[in-house]
Amino acid sequence: MPADLDRLAAEYWDYKMSQAPTNAMMLGDHRFDTEMEQLDEATELAQASRLDEFAAAAEVLDPDDLTTDQRVSRDVLMYEAGAKAAMLRHATAEFDVNPHVGFQSVLFTVVPFLPLTEPQHAEDVLVKLGKLGTTFDQAIERLRAGVAAGRTPLRSHCGMVVDQVDEYLASPIDEHDPFLRLRPPPQLDEPDAADWRARLAAVVRDVVRPAYGRFRSALADEVAPHGRPDDKPGVCWLDDGEQIYADAIYQYVTLRADPEAVHEIGVQTVAALEDEYRALGPEVVGTDDIAAIYQRMRNDPALHHSDGAAIVDHSERAMAKAKAAMGAWFGRLPQADCVVMETRNGPTAFYQRPAADGSRPGIFFVNTADPARWGTFEIEAMAYHEGIPGHHLQLAIAGELEDVPTFRKHALISAYAEGWGLYTERLADEMGLYSSPTDRMGMLSADSMRACRLVVDTGLHALGWPRQRAIDYMLAHSPLSEASVTGEVDRYIGYPGQALSYMMGRRQIVRMRRDAEAALGAAFDIKGFHDTVLGHGLVTLGVLDQLVGEWVTAAQATS
């Protein structure tokens with residue numbers, strides 16, 4: 001039985017990498033470097049069928065014949081493959097136009113960091129990018145099918161992506177082009193490197209930019225005229241929207257949850273945060289009036305950055321403090337380092353795992369395209385979430401685990417990943433990492449955003465909220481700027497369910513810790529708890545609950 005599981009896990013990982021060649025390359029797996037992702041319907045349906053086969057093969061394995069780690073592998077494979085297959089069958093590519101995390105935007109962030117460590121990698125990436133036109137053409141065909149079926153994206157999102165592409169196409173083809181920021185492998189001497197860069201520029205000129213242009217034209221001329229208006233942004237306005245959202249919640253939260261119940265949890269969490277704002281408000285902004293606190297945090301220039309370099313420096317100083325303190329709170333520490341890097345594309349902040357081959361450290365990116373969008377109070381909480389003790393400890397440790405299947409080291413489970421990231425923002429307060437009451441106010445601001453997400457995501461996708469109502473709610477119940485709120489709401493519209501994973505995941509991790517503390521009393525060990533949570537890679541919340549429960553039982557037996 002274990003041999004069957006090992007074989008299945010290896011086959012599953014190889015299949016995942018073959019279907020996501022760019023992700024494989026980012027992880028240092030160069031078997032598929034000449035390939036690009038396929039977005040056509042036939043490939044998508046074939047992927048769903050194959051993933052269902054993997055889930056079914058795992059389900060028939062008897063858990064009583066498996067060790068704890070093997071049971072975790074079985075359960076994670078069943079969840080990950082099954083949840084992904086269900087979402088693929090919803091054909092969301094037919095209406096997936098996302099100005100923030102759409103593939104046309106993600107490419108700008110990912111491609112410059114593809115690890116070209118050997119001369120062959122540099123040759124292969126030229127072939128890979130030469131196929132990007134086919135990928136864009138497939139995306140266009142999917143959107144055309146959506147128009148024909150009456151399943152269309154938000155009209156305003158089409159306009160945002162058109163503007164995004166126009167800005168890119170108007171820029172010069174030089175070293176600032178995201179695709180030309182790729183670095184040649186160190187083995188190439190300067191003449192060979194110059195020749196390679198010239199050939200890369202030709203691919204960008206002849207393939208990449210024309211593909212973006214075709215995508216832009218299709219959005220503007222064929223899709224946008226049929227797009228949904230801003231008062232119908234959620235998937236609930238689609239015929240199969242209720243099931244899409246139910247499956248999206250399961251994919252991102254790993255639990256089945258009623259949208260109205262999640263909505264109410266959000267409302268209650270938002271209200272509870274107001275007491276904490278009132279306690280800090282007088283010291284930070286001179287008042288305990290909630291509306292006044294939000295306005296000062298949102299509009300006071302003294303509480304906002306004006307320079308991208310200062311944001312990066314602030315982030316690096318926060319990371320240095322966290323690195324110095326993490327040994328007192330964690331028994332297992334990552335071998336890979338984590339660095340801060342500035343970007344002007346993609347989400348406001350995000351983390352990228354270290355390469356599996358050790359060629360690249362963990363990176364957390366901070367988007368400085370609009371420095372004033374960043375409150376000075378936001379930086380530390382963001383750094384602790386994206387870097388240490390947040391995603392870097394979580395994902396770097398997962399990648400360094402031994403004697404577990406490779407797919408577990410790189411599983412994509414949002415409720416665990418983002419739940420841990422949000423948990424560590426409060427943990428950083430316990431660790432004494434926040435520099436001032438102002439920085440602690442940033443912790444509350446981050447909580448407000450994630451609590452509002454429970455209200456707004458369910459409001460949009462289950463309760464039929466218009467886009468403006470979602471924006472108005474977040475402005476009334478958080479200190480986020482209008483630009484930030486608008487960007488957040490647009491992200492939720494194009495990414496149903498994902499926004500729930502942060503607060504729903506943290507609530508479960510906090511509940512597990514409290515249960516463990518109650519059961520163990522003085523014998524509770526925070527390092528042991530954290531090592532248990534981090535020591536098995538990314539898992540579902542149900543599996544994590546079992547693992548923590550087993551750790552508690554073992555601790556009781558030895559205390």
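It should be noted that the structure appears before, not after, this text.
What you see is a predicted model; the values in this text were computed from it and never measured.

Asks: Teacher, can you tell me more about the overall build of the chain here?
Replies: When helices and strands are counted, the chain shows 23 helices and three strands. Computed over the C-alpha atoms, the radius of gyration of the chain is 23 Å, within 12% of the 24 Å expected from 2.2 N^0.38 for a compact globule of 559 residues. Principal axes of the C-alpha set define a box for the chain whose edges measure 65 × 60 × 55 Å. Taking as baseline every contact in the chain between residues at least 6 positions apart, the subset at least 24 positions apart corresponds to 77%. Carbon and sulfur atoms make up 51% of the accessible area of the chain, which amounts to about 21700 Å² in all. Averaging the locations of the 51 positively and 86 negatively charged side chains of the chain gives two centres separated by 1 Å.

Asks: Help me understand helix α9 (residues 190-223), please; the structure alone is not making it clear to me.
Replies: Since the α-helix turns once every 3.6 residues, residues separated by three or four places project in the same direction. Of all the bends in α9, the greatest measures close to 40° and is centred on V204. The N-cap of α9, judged by a side-chain oxygen 3.0 Å from the amide nitrogen of D192 a few residues on, is D189.

Asks: Help me understand the side chain of K16 in this model?
Replies: Looking at the secondary structure, you find K16 in helix α1 (residues 2-19). Apart from the residues within four sequence positions on either side, K16 is in contact with E80 and H410.

Asks: How should the sheet that holds strand β2 (residues 349-352) be read in this particular structure?
Replies: Remark on secondary structure: sheet strands pair via backbone hydrogen bonds, oriented parallel or antiparallel. Here three strands make up an open sheet; going across it, the order is β1-β3-β2 and the pairing mixed. Since the sheet does not close on itself, it has two edges, and those belong to β1 (338-343) and β2, each with one partner. Across the sheet, the mean angle from the axis of one strand to that of its neighbour is 25°, orientation sign disregarded. Bridging between β2 and strand β3 (residues 362-367) involves four bridges; their strand directions are antiparallel. Counted as the bridge partner of Y351 is F364 from β3. Strand contacts of helix α15 (residues 391-400): β1, β2 and β3, with the helix running at about 20° to β2, the strand carrying the most contacts.

Asks: How should the nonpolar core be read in this particular structure?
Replies: Buried together is how nonpolar side chains tend to be arranged in soluble globular proteins. Ranked by size, the top nonpolar core spans 131 residues in total, and within it Y277, V456, M474, V489 and F529 carry the most contacts. In terms of residue count, the dominant contributor to this core is helix α18 (residues 437-461) (ten residues). With residues up to four places along the chain from it excluded, the contact list for V456 reads W465, A470, Y473, M474, V489 and Y492.

Asks: Looking at this model, I keep getting lost on α1. Mind explaining?
Replies: Its 18 residues give α1 an end-to-end C-alpha distance of 26 Å, which sits within 8% of 26 Å, the value for a rise of 1.5 Å per residue. Where α1 is concerned, the buried positions are L5, L8, A9, Y12, W13, Y15, K16 and M17. Of the surrounding secondary structure, the elements contacted by the buried residues of α1 are α2 (21-26), α3 (41-59), α4 (68-88) and α16 (406-409).

Asks: Quick question: what am I supposed to make of the packing of aromatic side chains here?
Replies: The way to describe two aromatic rings as a pair is by their centre distance and the angle between their planes. As enumerated under the stated definition, the model contains 25 aromatic pairs in all. For the pair F108 and F179, a centre-to-centre distance of 6.2 Å together with 75° between the ring planes defines the contact as edge-to-face. One end of the pair, F108, is in helix α5 (residues 103-110); the other, F179, is in the loop between α8 (155-170) and α9, and 71 residues separate them in sequence. Classification of F179 as buried rests on a relative accessible area of 0%. Ring geometry for F179 and Y212: centres 6.2 Å apart, planes at 70°, overall edge-to-face. Of this pair, F179 sits in the loop between α8 and α9 while Y212 sits in helix α9; the two residues are 33 residues apart in sequence, bridging distant segments of the chain.

Asks: Explain the pattern of salt bridges to me, please; I cannot follow it from the model alone.
Replies: When the charged atoms of two side chains lie near each other, side chains of opposite charge can form a pair. All chains considered together, the criterion is met by 41 salt bridges. The salt bridge partner of R296 is D300, with a shortest N-O separation of 3.0 Å. Each of E276, R426, D447 and R506 takes part in salt bridges that share partners, so that together they form one network.

Asks: I keep staring at the packing of helix α13 (residues 308-325) against helix α14 (residues 379-386) and nothing clicks. Help me out?
Replies: A packed helix pair is summarised by two numbers, namely the angle formed by the two axes and the spacing between the axes. Closest axis-to-axis distance for the α13/α14 pair is 9 Å, and the angle between their directions is 55°. With respect to their mutual orientation, α13 and α14 come out oblique. Crossing geometry of α13 relative to α14 is assigned as right-handed. Side by side, α13 and α14 meet where I311, H314, S315, A318, M319, K321 and A322 of the first sit next to I379, E380, M382, A383 and Y384 of the second. Looking at side-chain class alone, the contact of α13 with α14 contains eight nonpolar, two polar and two charged residues.

Asks: Mind showing me how you'd approach the layout of surface pockets here?
Replies: Over the atoms rolls a probe the size of a water molecule, and its path tells where empty space is left. Here the second largest pocket is characterised by a volume of approximately 500 Å³. If you trace the second largest pocket, you find 18 residues lining it, with R426, R506, R507, V510 and R514 closest to the centre. For the lining of the second largest pocket, the elements supplying multiple residues, two or more each, are α11 (259-285), α17 (414-430) and α21 (501-520). The element contributing the most residues to the lining of the second largest pocket is α21, with nine residues. Taken together, the residues that form the lining of the second largest pocket break down as six nonpolar, two polar and ten charged.

Asks: What should I look at first to understand the environment of L393 in this one?
Replies: Summarising the element assignment, L393 is placed in helix α15. Residues L393 and P334, 59 residues apart in the sequence, show an inter-C-alpha distance of 6.1 Å. Beyond its immediate stretch of four places on either side in the chain, L393 contacts M326, F330, P334, G387, I388 and L534.

Asks: Can you help me understand the environment of T540 in this one?
Replies: Position of T540 among the secondary structure elements: in the loop between α22 (526-534) and α23 (541-558). Exposure remark for T540: the relative accessible area of 8% places this residue in the buried category. Apart from the residues lying within four places of it in its own chain, the contact partners of T540 are Y79, T254 and I413. A polar contact of 3.1 Å, which involves the side chain of T540, links it to the backbone nitrogen of V543.

Asks: Help me understand the environment of D6, please; the structure alone is not making it clear to me.
Replies: For D6, the position within the fold is in helix α1. Sequence-wise, D6 and I173 are 167 residues apart; in three dimensions their C-alpha atoms are separated by 47 Å.

Asks: Help me out: how do you make sense of the state of the cysteines in this one?
Replies: By definition, a disulfide links two cysteine residues through a covalent bond between their sulfur atoms. Going through the model one piece at a time under the given rule, you end up with zero disulfides. For the unlinked cysteine C452, the closest cysteine sulfur is that of C236, found at 19 Å.

Asks: Where do I start with the packing of α5 against helix α7 (residues 132-149) in this structure?
Replies: Running from amino to carboxyl end, α5 crosses α7 at an angle of 155°, the nearest separation of the two axes being 12 Å. By the criterion of interaxial angle, the relationship of α5 to α7 is roughly antiparallel. Residue-level inspection shows F103, Q104 and L107 of α5 in contact with α7, the latter providing L132, T135, F136 and A139. Its residues assigned to classes, the contact of α5 with α7 shows five nonpolar, two polar and no charged.

Definitions and limits used
Here the residue numbering is sequential within each chain, running from 1 through the sequence in written order. Per-residue local features of the predicted model are confined to residues with pLDDT of at least 70, and side-chain atom pairs are confined, for both listing and counting, to 80 or more; whole-chain, interface and lining totals are unaffected and use all residues. With hydrogens and water set aside, each side-chain value is computed from the structure's full complement of heavy atoms. Here a helix means four or more residues in a row that DSSP labels H or I, a strand means two or more in a row labelled E, and each is numbered from the N terminus. Note on method: radius of gyration uses C-alpha positions; expected globular size equals 2.2 Å times residues raised to 0.38. Contacts are assigned to residue pairs with any non-hydrogen atoms lying within 4.5 Å of each other. Note on areas: Shrake-Rupley, 1.4 Å probe, and residue coverage restricted to the protein chains presented here. His is not counted, nor are the chain ends; Lys and Arg add positive charge and Asp and Glu add negative charge. To locate a charge, the coordinates of NZ of Lys, CZ of Arg, CG of Asp or CD of Glu are taken. In this analysis the local bend is the angle between axes fitted, respectively, to the seven residues ending at and the seven residues starting at the residue. As used in this structure description, the phrase polar contact means that two N or O atoms lie within 3.5 Å; if the pair is within protein, one of them must be able to donate a hydrogen and the other to accept it, and residues adjacent in sequence are counted only when both atoms belong to side chains. Should DSSP find at least two bridges between two strands, the strands are taken to pair. Only the stretch in contact is used when fitting a helix axis, every axis being a line fitted to C-alpha atoms; angles between N-to-C directions are given from 0 to 180 degrees. We call a set of buried Ala, Val, Leu, Ile, Met, Phe, Trp, Tyr and Cys residues a nonpolar core when their side-chain atoms join them within 4.5 Å. Relative accessibility under 20% of the residue-type maximum defines a buried residue, over 50% an exposed one, and the middle range a partly exposed one, all with a 1.4 Å probe and only protein chains included. Expected helix span is taken as 1.5 Å per residue step, with the number of steps being one fewer than the number of residues. Pairing of aromatic side chains here covers Phe, Tyr and the six-membered ring of Trp, requires ring centres within 6.5 Å, and sorts the geometry by plane angle: under 30 degrees stacked, over 60 edge-to-face, intermediate tilted. What makes a salt bridge here is a side-chain nitrogen of Lys or Arg within 4 Å of a carboxyl oxygen of Asp or Glu, nothing more. In these notes the angle categories are as follows: under 35 degrees is roughly parallel, over 145 is roughly antiparallel, 65 to 115 is roughly perpendicular, and the rest is oblique. By the definition used in this description, the sense in which the near helix is turned from the far one sets the handedness, with an anticlockwise turn below a right angle giving left-handed and a clockwise turn giving right-handed. As a working rule, the residues Ala, Val, Leu, Ile, Met, Phe, Trp, Tyr, Cys and Pro are called nonpolar, Asp, Glu, Lys and Arg charged, and the rest polar, with Gly in that last group. Only protein atoms enter the calculation, which uses a 1 Å grid: trapped sets of points that fit a 1.4 Å probe without letting it out are cavities, open sets showing protein on both sides within 12 Å along at least five of seven lines are pockets, and any residue with an atom within 4 Å of a point is a lining residue. Grid points are joined across faces, edges and corners, and a volume is the space filled by probe spheres set on the points. Criterion for a disulfide: a pair of cysteine sulfur atoms within 2.5 Å.

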